[in-house]
Amino acid sequence: GENVEQHPSTLSVQEGDSAVIKCTYSDSASNYFPWYKQELGKRPQLIIDIRSNVGEKKDQRIAVTLNKTAKHFSLHITETQPEDSAVYFCAALTSGTYKYIFGTGTRLKVLA
Amino acid sequence: EAQVTQNPRYLITVTGKKLTVTCSQNMNHEYMSWYRQDPGLGLRQIYYSMNVEVTDKGDVPEGYKVSRKEKRNFPLILESPSPNQTSLYFCASSPGRQASYNEQFFGPGTRLTVL
């Protein structure tokens, strides 16, 4: 079945450094890729998303890149801050249905 | 205030005792979905609904039922809960017919324990 692999599972960076989280999807017809941030004890919240007809999207310190040929997409956070510490999930929407497949999450720790 | 609500927020029950977790949204969203979250497994979609009376299976539908009789409500039903359904459950909704391109808004979560 459809699958989304996410790496790394944990990531520690120094404040001010960049963080990169990578996801690979299996369904080549997937066409929408959101990223969610979940703080401890809270609900997931969308931070950025990208559609299959776009290669890159930026929103201030956050960017997402998509490589359709390789079937992978990445989240880039620059100038990390302690409030960026959270679990991040990638997801892919399977084409032809409206079923979401999520990655297993990355716990990001930004060290002050 | 625009929101997705779930009830109850916490529930401890016993194997085999039918239960319903309610989900309601006040944003007139067409797309609604249920997820379970387990450590190391991320979020897994249980069921989703594109509109009233239209529901489809997600990745892990076994042991669950849903209904969408009204646009605002999407209850999750566990007819005979088992311990492996102990989990954190999230309801989510997103607007419009182009659900694939719209942000999902999540409810606060329901922590279910089945003994």
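Right above here is the structure, for reference.
Just so it is clear, the structure is predicted and the values come from calculations on it, not from any experiment.

If you walk through the whole model with that rule in mind, you get 14 aromatic pairs over all chains. With a centroid separation of 6.4 Å and 75 degrees between ring planes, the pair formed by Y32 of chain A and Y100 of chain A is classed as edge-to-face. With Y32 of chain A in strand β4 (residues 32–38) and Y100 of chain A in strand β10 (residues 100–102), this residue pair connects regions lying 68 residues apart in the sequence. Y100 of chain A carries the same exposure label as Y32 of chain A, and that label is buried. Of the aromatic side chains, those joined through ring pairs into one cluster are Y32, Y36, Y100 and F102 of chain A together with Y31, Y35, Y48, F90 and F106 of chain B.

This part is about the sheet that holds strand β8 (residues 76–78) of chain B. Residues and elements named next belong to chain B. Reading across from one edge, β1-β3-β8-β7 is the order of the four strands in this open sheet, with antiparallel pairing throughout. In this open sheet, the two edge strands, each paired with only one partner strand, are β1 (4–7) and β7 (65–66). Here β1 runs beside strand β3 (residues 19–25); their pairing, made up of four bridges, is antiparallel. The residue of β3 that forms the bridge with Q6 is C23.

What follows covers the layout of surface pockets. Approximately 660 Å³ is the volume found for the largest pocket. Lining the second largest pocket are 15 residues, with N3, V4, F102 and T104 of chain A together with L41 of chain B sitting closest to its centre. Examining the composition of the lining of the second largest pocket, we find that four residues originate from one element, strand β1 (residues 4–7) of chain A, more than from any other. Grouping the constituent residues of the lining of the second largest pocket by class yields six nonpolar, five polar and four charged.

About the criteria used
Residues numbered from 1 in each chain as written. Chains lettered and ligands numbered in written order. Predicted model: local features only at pLDDT ≥ 70, side-chain atom pairs only at ≥ 80, totals over all residues. Heavy atoms only, no water. Phe/Tyr/Trp six-rings, centres within 6.5 Å; stacked < 30°, edge-to-face > 60°. Helix = DSSP H or I, 4+ residues; strand = E, 2+ residues; numbered from the N terminus. Buried < 20%, exposed > 50% of the residue type's maximum accessible area, 1.4 Å probe, protein only. Pairing = 2+ DSSP bridges. 1 Å grid on protein atoms, 1.4 Å probe; cavity = no way out; pocket = protein on both sides within 12 Å on 5 of 7 lines; lining within 4 Å. Points joined across faces, edges and corners; volume = space filled by probe spheres on them. Nonpolar A, V, L, I, M, F, W, Y, C, P; charged D, E, K, R; others polar.

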